[in-house]
Protein chains: 2
Amino acid sequence: MSYFAIGVDLGGTNLRIAAIDDSGKQLETITTSTEVKRGRDSVIESMCRDICLLKAKYDGAYKFVGTGIGIPGIIDMESGFLRESPNLPGWSDFPVQSEIEKRLHSRVFLENDANVAALGELWLGAARDINSMAMLTLGTGVGGGIIMRRRIWHGMTGMAGELGHVTIDPQGEPCGCGNRGCLEQYASATAVKRMALEAIRAGKAPDLARAMDANPEFSAKVVFQAAMQGDSAAKAIFERVGNALGIALAGSINALNLPMYVIGGGVSGAWEAFAPTMMKVVQERCFVYKATTTEGRGSTRTLITRALLGGDAGLIGAAFVAIQAHHAQLEL
Amino acid sequence: MSYFAIGVDLGGTNLRIAAIDDSGKQLETITTSTEVKRGRDSVIESMCRDICLLKAKYDGAYKFVGTGIGIPGIIDMESGFLRESPNLPGWSDFPVQSEIEKRLHSRVFLENDANVAALGELWLGAARDINSMAMLTLGTGVGGGIIMRRRIWHGMTGMAGELGHVTIDPQGEPCGCGNRGCLEQYASATAVKRMALEAIRAGKAPDLARAMDANPEFSAKVVFQAAMQGDSAAKAIFERVGNALGIALAGSINALNLPMYVIGGGVSGAWEAFAPTMMKVVQERCFVYKATTTEGRGSTRTLITRALLGGDAGLIGAAFVAIQAHHAQLEL
């Protein structure tokens with residue numbers, strides 16, 4: 001009998017829950033909004049209700065193996081507590097995993113959202129044929145996930161993969177994490193918007209100023225559209241994005257020599273605007289990249305590529321965590 | 001019967017060869033100088049002669065399992081070629097491993113010198129009870145080694161662990177690797193000497209200027225002694241060393257969340273001069289470090305510590321590579 005797992009992408013805005021079979025087929029996906037304002041217990045309640053619904057519907061035709069949940073925040077793997085999660089106020093230092101397990105009466109795997117996105121791309125996306133890779137998710141913040149030999153690299157306490165908080169500029173922008181000049185301050189949607197507002201305030205971006213006046217929802221996307229229309233201020237902003245990504249990737253390639261680096265998240269939609277600078281900077285700064293991309297070394301090329309699964313990567317990866325755990329049990 | 005391996009530390013200046021048993025005991029160590037000037041073949045010839053000597057002497061009383069060789073340079077693991085090695089001119093793009101195996105008629109493992117140093121510290125040094133760690137070796141350059149689950153993390157082509165070429169300052173000093181502002185430009189013995197000469201030339205370091213005039217072999221060690229005697233220019237140089245190490249460690253801890261980071265190599269002798277700044281910078285910049293060092297989290301503390309094996313780390317780690325390979329065979 002085939003089996004299936006439930007994958008959950010518990011974001012600060014949207015809550016998505018999918019039943020996914022062992023071949024990667026999404027049997028059914030429920031999308032709702034995360035009613036953060038109604039409080040933690042209410043969100044957990046409604047999430048568990050939907051998980052049970054899907055579980056009951058497909059259990060029987062498939063064997064159920066567990067639930068994986070991707071959460072934006074720092075998870076202490078040992079205790080199953082959420083330690084920090086700016087997007088889920090009131091959830092920190094709360095035993096999320098055991099609380100959900102209690103309700104579901106089945107195995108629950110809590111994971112950082114960027115880690116499951118990386119695993120999703122490994123299972124069904126850009127890194128399908130790869131065993132080890134890293135992914136940067138460029139969203140409101142910059143998340144990171146490292147996969148080593150097909151498993152999420154958790155590190156000592158499950159906090160590994162925070163590639164968004166690698167220092168790009170020691171004297172740079174202060175970051176919410178306490179550091180300055182983190183990658184997140186140059187390559188997230190928030191950073192793109194901040195850099196645009198700075199340029200507007202400095203009087204250096206008249207077209208962006210007009211776009212902002214015309215559009216109350218002025219966002220990174222608007223800046224990208226301006227860049228694609230040739231606006232030089234907008235183009236310069238995405239060159240800064242590419243420069244920061246290039247410096248971060250160069251360091252990570254020198255440190256880890258992974259075969260593939262995947263760039264995903266909303267801002268990766270602006271690939272055309274930042275990728276040329278990013279690739280140029282990696283080529284200039286990274287001798288391990290250069291050593292692996294010289295002619296005649298086809299089988300050992302370091303690849304830097306766009307994510308393929310879009311917003312589904314986390315959902316898919318979360319389900320795959322439960323499927324991998326089932327496989328590991330079978331191997332015992 | 002106990003067994004033993006040969007560990008070799010093939011440096012640009014010294015060549016050390018040791019017979020080490022499976023408990024870590026150094027049965028015998030031969031130290032000679034690496035006659036780089038006499039050419040590659042002559043060095044290989046005399047190294048192989050000494051290896052054979054030790055092998056013949058202890059074979060019988062112990063079972064011989066192989067030879068591990070730590071080399072300063074980039075090794076292509078697939079081919080066993082040395083790809084780049086500034087300290088061993090004429091060795092690059094040469095099949096070092098197969099050439100040595102041909103002479104020894106036994107298994108040879110070629111490894112980067114900083115990788116075997118890290119493995120040595122894991123086996124018998126600062127990281128004895130740890131399974132995963134990273135080590136920075138602060139010497140003429142800055143080497144790095146990452147150990148994941150008791151094995152050297154090689155990455156795709158064996159080039160992983162180059163933590164000395166992580167960018168600290170994007171606009172900083174040009175580095176021999178092609179990048180700018182690499183850790184190596186602020187935390188190596190070469191960098192300490194360069195920063196001292198800069199300070200002397202700028203007229204900011206009268207005591208160091210006097211020390212240089214008095215000592216034709218002006219080195220990082222002299223700068224350290226000046227710092228320990230309270231010279232403010234020398235102290236400022238080691239604060240820069242500590243600052244750069246702190247930034248690099250913060251990034252690596254956020255990315256990998258390893259339980260231990262070990263600092264070795266000659267410059268680590270100046271620990272008292274750079275460590276206070278290094279620890280302060282990690283504490284300020286690294287939220288994963290902070291999260292793992294808050295009170296009551298004793299079992300999951302991120303440790304940053306000095307290496308314990310000094311110049312023997314590479315030798316010991318190289319032998320352990322051969323011993324690990326023997327273990328892996330036994331497991332099959």
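Residues numbered from 1 in each chain as written. Chains lettered and ligands numbered in written order. Predicted model: local features only at pLDDT ≥ 70, side-chain atom pairs only at ≥ 80, totals over all residues.

Brief notes about the overall build of chain A
Along chain A, the regular secondary structure elements total 11 helices and 12 strands. Relative to the compact-globule value of 20 Å for 332 residues, chain A shows a C-alpha radius of gyration of 20 Å, a close match. When the backbone C-alpha atoms are referred to their principal axes, chain A occupies close to 60 × 50 × 35 Å. Within chain A, the proportion of its 332 residues that are buried is 53%. Summarising the internal contacts of chain A: among those between residues at least 6 apart in sequence, 64% fall at separations of at least 24. (Helix = DSSP H or I, 4+ residues; strand = E, 2+ residues; numbered from the N terminus. Rg over C-alpha atoms; globule rule 2.2 N^0.38 Å. Buried ≥ 20, exposed ≤ 12 C-beta atoms within 10 Å, placed from the backbone. Contact = placed C-beta atoms within 7 Å.)

Observations concerning the relation of the copies chain A and chain B
Once chain A has been moved 0.0 Å along the axis and rotated by 180°, it coincides with chain B to within an RMSD of 0.0 Å. The relationship between the two copies is best expressed as a two-fold rotation axis. Residue Asp169 of chain A, judged by its C-alpha, is the member of chain A lying nearest the rotation axis, at 3.2 Å. Interface overlap between copies is the fraction of interface residues in one copy that are interface residues in the other; for chain A against chain B it reaches 100%, indicating a shared surface. (Least-squares fit on C-alpha atoms with pLDDT ≥ 70 in both.)

As for the domain arrangement of chain A
As a measure of interface size, the accessible area lost when the parts come together is often cited. All names here are of chain A. What the domain assignment reports for chain A is domain 1 (3-122 + 311-331) and domain 2 (129-307). Each of domain 1 and domain 2 has a C-alpha centre, and these two points are 27 Å apart. Counting residues at the interface gives 17 residues for domain 1, matched by 21 residues for domain 2. Among the elements of the structure, β5 (74-76), β7 (108-112) and α3 (113-124) are those that each provide at least two residues to the side of domain 1 that touches domain 2. The element best represented in the side of domain 1 that touches domain 2 is α3, accounting for 8 residues. Within the side of domain 1 that touches domain 2, the residues separate by chemical class into 10 nonpolar, 2 polar and 5 charged. (Domains from an automatic or database assignment. Nonpolar A, V, L, I, M, F, W, Y, C, P; charged D, E, K, R; others polar.)

Concerning the interface of chain A and chain B
The interface of chain A with chain B comprises 37 residues on the first partner and 37 residues on the second. Among the elements of the structure, α8 (232-256), α9 (271-285) and α10 (287-293) of chain A are those that each provide at least two residues to the side of chain A that touches chain B. The element that contributes the greatest number of residues to the side of chain A that touches chain B is α8 of chain A, accounting for 7 residues. Within the side of chain A that touches chain B, the residues separate by chemical class into 19 nonpolar, 13 polar and 5 charged.

Considering the environment of Phe320 of chain B
Residues and elements named next belong to chain B. On the secondary structure map, Phe320 appears in helix α11 (residues 313-331). The exposure class assigned to Phe320 is buried, which follows from the 26 C-beta atoms found within 10 Å. Distance from Phe320 to Asp22, taken between C-alpha atoms, is 8.2 Å for residues 298 residues apart in sequence.

Here we look at the confidence of the model for chain A
In this model, chain A carries an average pLDDT of 93, and 98% of its residues clear a pLDDT of 70 or more. Confidence estimates for the predicted assembly give a pTM of 0.95 and an ipTM of 0.94. (pLDDT = per-residue confidence, 0-100.)

Quick word on the sheet that holds strand β12 (residues 303-306) of chain A
Residues and elements named next belong to chain A. One open sheet accounts for 5 strands, arranged β10-β9-β8-β11-β12; its pairing is mixed. Strand pairing shows two members of the sheet lacking a second neighbour, β10 (151-152) and β12, which therefore form its edges. The sheet contact formed by strand β11 (residues 260-264) and β12 spans 4 bridges and is parallel. Across the sheet, the residue bridging to Val262 is Thr305, located in β12. (Pairing = 2+ DSSP bridges.)

Re unusual backbone geometry
Residues and elements named next belong to chain B. Of note, the phi angle at Arg149 is positive, near 50°, even though the residue is not glycine. A positive phi angle is found at Arg150, which is not glycine, with a value near 70°. Positionally, Arg150 belongs in the loop between β9 (142-148) and β10 (151-152).

A look at the environment of Gly246 of chain B
Residue and element names in this part refer to chain B. Tracing the backbone through its elements, the reader meets Gly246 in helix α8 (residues 232-256). Judged by C-beta crowding, with 27 C-beta atoms within 10 Å, Gly246 ranks as buried. For the pair Gly246 and Asn131, spaced 115 residues apart in the sequence, the C-alpha separation amounts to 23 Å. Beyond its immediate chain neighbours, meaning those up to four positions away, Gly246 contacts Thr277, Met278, Val281, Val282 and Arg285.

Some details on the nonpolar core
Formed by 236 residues in total, the largest nonpolar core has its most connected members in Met133 and Ala319 of chain A together with Met133 and Ala319 of chain B. For Met133 of chain A, the residues in contact, after removing those within four places along its chain, are Ala118, Leu122, Ala127, Ile147, Leu258, Pro259, Met260, Tyr261 and Val262 of chain A. (Core = buried A, V, L, I, M, F, W, Y, C linked by C-beta atoms within 7 Å.)

Description of the sheet that holds strand β7 (residues 108-112) of chain B
All names here are of chain B. Strand order in the open sheet made by the 5 strands is β3-β2-β1-β4-β7, with mixed pairing throughout. With one partner strand each, in any of the chains shown, β3 (26-33) and β7 form the two edges of the open sheet. Between one strand axis and the next, the sheet turns by 15° as a mean value, whatever way the strands run. Judged from the 6 bridges that link them, strand β1 (residues 3-10) and strand β4 (residues 63-71) form a sheet pairing that is parallel. Counterpart to Tyr3 in the pairing with β4 is Lys63. Lying over the sheet, helix α1 (residues 40-58) contacts β1, β2 (14-21), β3 and β4, oriented at roughly 20° with respect to β2. Contacts from helix α3 (residues 113-124) reach β1, β4 and β7, with the element oriented near 100° to β7. (Axes fitted to C-alpha atoms, helices over the stretch in contact; angles between N-to-C directions.)

Observations concerning helix α5 (residues 189-201) of chain A
All names here are of chain A. Taking 1.5 Å as the rise per residue, α5 with 13 residues should run 18 Å; its terminal C-alpha atoms sit 18 Å apart, in good agreement. Where α5 is concerned, the buried positions are Ala189, Ala191, Val192, Met195, Ala196 and Ile200. In the segment just after α5, Gly203 is the residue with positive phi, at about 70°. (Expected span 1.5 Å × (residues − 1).)

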